Amino acid sequence: MSLNPVRPWRNIYRRKSRQIMVGNVPVGGDAPITVQTMTNTLTTDVKATLAQINAAADAGADIVRVSAPDQESTAALREICKQSPVPIVADIHFHYKRAIEAAEAGAACLRINPGNIGSQERVREVIKAARDYGCSIRIGVNAGSLERHLLEKYAEPCPEAMVESGMDHIKILQDNDFHEFKISVKASDVFLAAAAYQALAEETDAPIHLGITEAGGLMSGTVKSAVGMGSLLWSGIGDTIRVSLSADPVEEVKVGFEILKSLGLRHRGVTIISCPSCARQGFDVIKTVQTLEERLAHISTSLSLSIIGCVVNGPGEALMTDIGFTGGGAGSGMVYLAGKQSHKLSNEAMIEEIVEQVEAKAAALDAQAALDEVEA
């Protein structure tokens, strides 16, 4: 992100990391922080899996992970990788041969867990397949599946054990002259995950995959992920993220982008600034915002919209957004464009006009971006 000399308290100084490629998507270095999700369909159901991948990609996912638990799944992966609009990460547990098959099938990255993939010799075979087929690797350490010797050494999952597991596996890859890897040290406990990631960031320059694993349902998991990942991202740690929710993968993508947007690390779609509403509201703020979120979900261009129920904070918020509407009296409010008062508008006509204004603004921004690209 570009630094802000006027408001330095908004600056985030990202940790310096190496850059690798996941298919055609750069991860780490100065690349944008990527958003990932994972399908929850049977991988052998190619049609259903591709439908989820396409929906996630439409929502903004940069990378999608697909589980490869058996040989039938890695066979199906070949068609999935061929048709997917985004790079596919093959999720491998327990059987190293699935990783080799996934690499042959066209996976862009192999996610392997050092706690359950097997001996170093088996890992070397996976490395060879990754090198032969141009895959990157994610070292996926998880507090719930640490190696037995580390649990015996530390008595329980702890940051030190997780980082030691990750660094041991990094050494195996580096000893085999393989450097196209990223790493995660996930836990469902926010404190454990945060401490492990902070320690990991001091030990390696590898790109870091950030996540709070098994975070929970849509509401609880969103809060948990925002607290854990948000604090790490704010401190500059994290090159790619996945929000783990017991929910539709599209929701994971949406939450991931909202976390990044709140920190100014990625910009996509309409950011709606709205009040919680109270007795002063000049229109039904909650219902209006819900409707606008649905009506504007197709907009991928980054712009801001303020929807404020009364004039207490409305004009001030409108100064900072591309488009704004502030509730007034007698069934009407004020429209703001580029921070300035434009015209009064009835509450009844508000939604349709705001949608039109947002779509027009997005089209103008897209046209200008296209022109700038041509001129560059």
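Quick look at the structure, then.

Conventions used here
Residues numbered from 1 in each chain as written. Predicted model: local features only at pLDDT ≥ 70, side-chain atom pairs only at ≥ 80, totals over all residues. Heavy atoms only, no water. Helix = DSSP H or I, 4+ residues; strand = E, 2+ residues; numbered from the N terminus. Rg over C-alpha atoms; globule rule 2.2 N^0.38 Å. Buried < 20%, exposed > 50% of the residue type's maximum accessible area, 1.4 Å probe, protein only. Contact = heavy atoms within 4.5 Å. Areas by Shrake-Rupley, 256 points an atom, 1.4 Å probe, with all protein chains shown as cover. Salt bridge = Lys/Arg side-chain N within 4 Å of Asp/Glu carboxyl O. Pairing = 2+ DSSP bridges. Axes fitted to C-alpha atoms, helices over the stretch in contact; angles between N-to-C directions. Left-handed = near helix turned anticlockwise from the far one by under 90°. Nonpolar A, V, L, I, M, F, W, Y, C, P; charged D, E, K, R; others polar. Core = buried A, V, L, I, M, F, W, Y, C linked by side-chain atoms within 4.5 Å. Polar contact = N/O pair within 3.5 Å; in protein donor to acceptor, adjacent residues only side chain to side chain. Phe/Tyr/Trp six-rings, centres within 6.5 Å; stacked < 30°, edge-to-face > 60°. Lys NZ or Arg CZ within 6 Å of the ring centre and 35° of its normal. Parallel < 35°, antiparallel > 145°, perpendicular 65-115°, else oblique. Patch = residues over 30% accessible without salt bridge, like charges linked within 9 Å, V, L, I, M, F, W, Y side chains within 5 Å.

### Some details on the overall build of the chain
Logical step 1: Counting secondary structure elements, the chain contains 12 helices and 15 strands.
Logical step 2: Here the C-alpha atoms of the chain give a radius of gyration of 23 Å, agreeing with the 21 Å that 2.2 N^0.38 yields for 376 residues.
Logical step 3: In terms of its C-alpha atoms, the chain occupies a principal-axis envelope of roughly 75 × 40 × 40 Å.
Logical step 4: Evaluated residue by residue, the chain yields a buried proportion of 51% over its 376 residues.
Logical step 5: A fraction of 63% describes how many contacts in the chain between residues 6 or more apart in sequence connect residues 24 or more apart.
Logical step 6: Per element, the accessible surface of the chain, about 17,500 Å² overall, is 52% carbon and sulfur.

### Looking at the pattern of salt bridges
Logical step 1: If you walk through the whole model with that rule in mind, you get 16 salt bridges.
Logical step 2: Across the pair arginine 18 and aspartate 205 runs a salt bridge whose closest N-O atoms are separated by 3.2 Å. Residue arginine 18 is found in the segment before β1 (19-22), and its partner aspartate 205 is found in the loop between α7 (190-203) and β9 (209-210); the two are separated by 187 residues along the sequence.
Logical step 3: Note that arginine 98 is salt-bridged to glutamate 101, the shortest N-O span being 2.8 Å. Taken as a pair, arginine 98 and glutamate 101 lie in helix α3 (residues 96-105) at a separation of three residues, close to a single helical turn.

### With respect to the sheet that holds strand β6 (residues 109-112)
Logical step 1: The sheet built from eight strands is open, its strands ordered β8-β7-β6-β5-β4-β3-β10-β9 with parallel pairing. The strands lining the two open edges of the sheet, one partner per strand, are β8 (181-186) and β9.
Logical step 2: Bridging between β9 and strand β10 (residues 240-242) involves two bridges; their strand directions are parallel. The partner of leucine 210 across the bridge, within β10, is isoleucine 241.
Logical step 3: Taken strand by strand, helix α1 (residues 46-59) contacts β3 (34-38), β4 (63-67) and β5 (88-92), and its axis lies near 155° from that of β4.

### Observations regarding the sheet that holds strand β15 (residues 340-346)
Working definition: the strands of a sheet are paired by backbone hydrogen bonds and lie parallel or antiparallel to each other.
Logical step 1: Reading across the sheet, the five strands line up as β11-β12-β13-β14-β15 and stay open at both edges, with mixed pairing between neighbours. Lying at the two open borders of the sheet, with one neighbouring strand each, are β11 (270-274) and β15. The average undirected angle you get between the axes of adjacent strands in this sheet is 20°.
Logical step 2: With five bridges connecting them, strand β13 (residues 323-327) and strand β14 (residues 332-337) associate as antiparallel partners. Within β14, the residue paired with threonine 326 across the bridge is methionine 334.
Logical step 3: Contacts between helix α10 (residues 285-295) and the sheet are confined to β11 and β12 (303-308), with β12 contributing the most and set at about 160° to the helix.

### So, the packing of helix α8 (residues 218-234) against helix α9 (residues 249-262)
Logical step 1: Where α8 meets α9, the closest approach of the two axes is 10 Å, and the angle between their N-to-C directions is 35°. Judged by the twist between their axes, the crossing of α8 over α9 is right-handed. Contacts between α8 and α9 involve Leu218, Thr222, Ser225, Ala226, Met229, Gly230 and Leu233 from the first element and Glu251, Val255, Ile259 and Leu260 from the second.
Logical step 2: Its residues assigned to classes, the contact of α8 with α9 comprises seven nonpolar, three polar and one charged.

### Quick look at the nonpolar core
Logical step 1: Formed by 80 residues in total, the largest nonpolar core has its most connected members in Leu77, Leu110, Ile137, Met162, Leu210 and Leu233.
Logical step 2: Element by element, the count of residues in this core is highest for α7, at eight residues.
Logical step 3: Those residues within four positions of leucine 110 in sequence are excluded, and the remaining contacts are Ala90, Ala99, Ala102, Ala103, Val126, Ala130, Cys135, Ser136, Ile137 and Arg138.
Logical step 4: Core analysis: the second largest hydrophobic core is formed by 19 residues, Val289, Ile307, Phe325 and Met350 among them.

### Quick word on the side chain of aspartate 62
Logical step 1: Along the polypeptide, aspartate 62 turns up in the loop between α1 and β4.
Logical step 2: Judged by relative accessible area, which is 17%, aspartate 62 ranks as buried.
Logical step 3: Among the polar contacts made by the side chain of aspartate 62, one reaches the main-chain amide nitrogen of valine 35 at a distance of 2.7 Å.
Logical step 4: Here arginine 266 takes part through its side chain, which lies 3.2 Å from a polar atom of the side chain of aspartate 62.
Logical step 5: Ignoring sequence-local partners within four residues, the contact set of aspartate 62 consists of Val25, Thr34, Val35, Val86, Pro87 and Arg266.

### A look at the packing of aromatic side chains
Logical step 1: Counted according to the given criterion, the structure contains one aromatic pair.
Logical step 2: A centroid spacing of 5.4 Å and a plane angle of 70° characterise the contact between phenylalanine 283 and phenylalanine 325, whose relative ring orientation is edge-to-face. With phenylalanine 283 in the loop between β11 and α10 and phenylalanine 325 in strand β13, this residue pair connects regions lying 42 residues apart in the sequence. Of the two residues examined, phenylalanine 283 and phenylalanine 325, each falls in the buried class.
Logical step 3: Of note, arginine 18 hangs over the ring of phenylalanine 181, and the distance from its end group to the ring centre comes to 4.8 Å.
Logical step 4: Sitting above the plane of the phenylalanine 257 ring, arginine 268 keeps its charged end 5.8 Å from the centroid.

### Regarding the packing of α7 against α8
Logical step 1: Interaxial distance between α7 and α8 falls to 10 Å at its minimum, and their mutual angle equals 20°. Classed by the angle they form, the pair α7 and α8 counts as roughly parallel. Relative to α8, the crossing made by α7 is right-handed. Every residue of α8 that contacts α7 at Val190, Ala194, Tyr197 and Gln198 is listed here: Lys224, Val227, Gly228 and Leu232.
Logical step 2: Here the contact of α7 with α8 is built from residues that sort into five nonpolar, two polar and one charged.

### Description of a nonpolar patch on the surface
Logical step 1: On the surface, Met219, Val223 and Val227 cluster together into a nonpolar patch covering about 320 Å² of accessible area.
Logical step 2: Here methionine 219 is to be found in helix α8.

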